[in-house]
Amino acid sequence: QVQLVESGGGLVQAGGSLRLSCAASGIIFAINTHDWYRQAPGKQRELVAAISDSGRTDYAASVKDRFTISRDTSKKTMYLQMNSLKPEDTGVYYCAFLGVIPGPRDYWGRGTQVTVSS
């Protein structure tokens, strides 16, 4: 059974930075995509950033040029560097490993709170 645990969330002032981490435990032979999602209060969960098995990255338009997704496959860890944070970035951030082999199965973390004050 694969488990994902996020860390690095917290309270930061607008313009500040945070680095989220997502560490996986369990047997993983391959992962189709590593994703970060977020859910703001009263809103639906949205995709923030993704990195494919080939290394291609995609970002939501609202975070492009401010956020950077990366991964360390040897450590089964994924990161989200968030710079120039805005109050609208506030929400619970979830990491997801999609299309995990053996499976394929999708795994989600429980989320970490990010709060950006104005």
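Scroll up for the structure.
Everything in this summary refers to the structure shown in the same document. A quick note: this is a predicted structure, and the numbers were derived from the prediction, not measured.

## Overview of the layout of surface pockets
Part 1 of the reasoning: Taken as a whole, the largest pocket spans an internal volume of roughly 160 Å³.
Part 2 of the reasoning: For the largest pocket, the full set of lining residues is Gln1, Val2, Gln3, Leu4, Val5, Glu6, Trp108, Arg110 and Gly111.
Part 3 of the reasoning: Top contributing element to the lining of the largest pocket by residue count: strand β1 (residues 3-7), with 4 residues.
Part 4 of the reasoning: Class assignment for the residues of the lining of the largest pocket results in 4 nonpolar, 3 polar and 2 charged.

## With respect to the packing of aromatic side chains
Part 1 of the reasoning: Tallied over the full model, the rule gives 1 aromatic pair.
Part 2 of the reasoning: The interplanar angle of 50° and the centroid separation of 4.9 Å between the aromatic rings of tyrosine 37 and tryptophan 108 together place this pair among those described as tilted. Residue tyrosine 37 is located in strand β4 (residues 33-39), and its partner tryptophan 108 is located in strand β10 (residues 105-108); the two are separated by 71 residues in the primary sequence.
Part 3 of the reasoning: Residue tryptophan 108 is classed as partly exposed on the basis of its relative accessible area of 36%.
Part 4 of the reasoning: The aromatic ring of tyrosine 79 is capped on one face by arginine 19, whose charged end is 4.0 Å from the ring centroid.
Part 5 of the reasoning: For arginine 45, the ring lying beneath its charged end belongs to tyrosine 94, and the centroid distance is 3.7 Å.

## Here's the deal with the sheet that holds β1
Part 1 of the reasoning: The strand order across the open sheet formed by 4 strands is β1-β3-β8-β7, and the pairing between neighbours is antiparallel. Edge positions in the open sheet fall to β1 and β7 (67-72), since each of these has one partner strand only. Strand-to-strand twist of the sheet, defined as the mean angle between neighbouring strand axes without regard to direction, takes the value 15°.
Part 2 of the reasoning: Sheet analysis places β1 next to strand β3 (residues 18-25), joined by 5 bridges and oriented antiparallel. What sits directly across from serine 7, in β3, is serine 21.

Scoring rules and cut-offs
- Residues numbered from 1 in each chain as written.
- Predicted model: local features only at pLDDT ≥ 70, side-chain atom pairs only at ≥ 80, totals over all residues.
- Heavy atoms only, no water.
- 1 Å grid on protein atoms, 1.4 Å probe; cavity = no way out; pocket = protein on both sides within 12 Å on 5 of 7 lines; lining within 4 Å.
- Points joined across faces, edges and corners; volume = space filled by probe spheres on them.
- Helix = DSSP H or I, 4+ residues; strand = E, 2+ residues; numbered from the N terminus.
- Nonpolar A, V, L, I, M, F, W, Y, C, P; charged D, E, K, R; others polar.
- Phe/Tyr/Trp six-rings, centres within 6.5 Å; stacked < 30°, edge-to-face > 60°.
- Buried < 20%, exposed > 50% of the residue type's maximum accessible area, 1.4 Å probe, protein only.
- Lys NZ or Arg CZ within 6 Å of the ring centre and 35° of its normal.
- Pairing = 2+ DSSP bridges.
- Axes fitted to C-alpha atoms, helices over the stretch in contact; angles between N-to-C directions.

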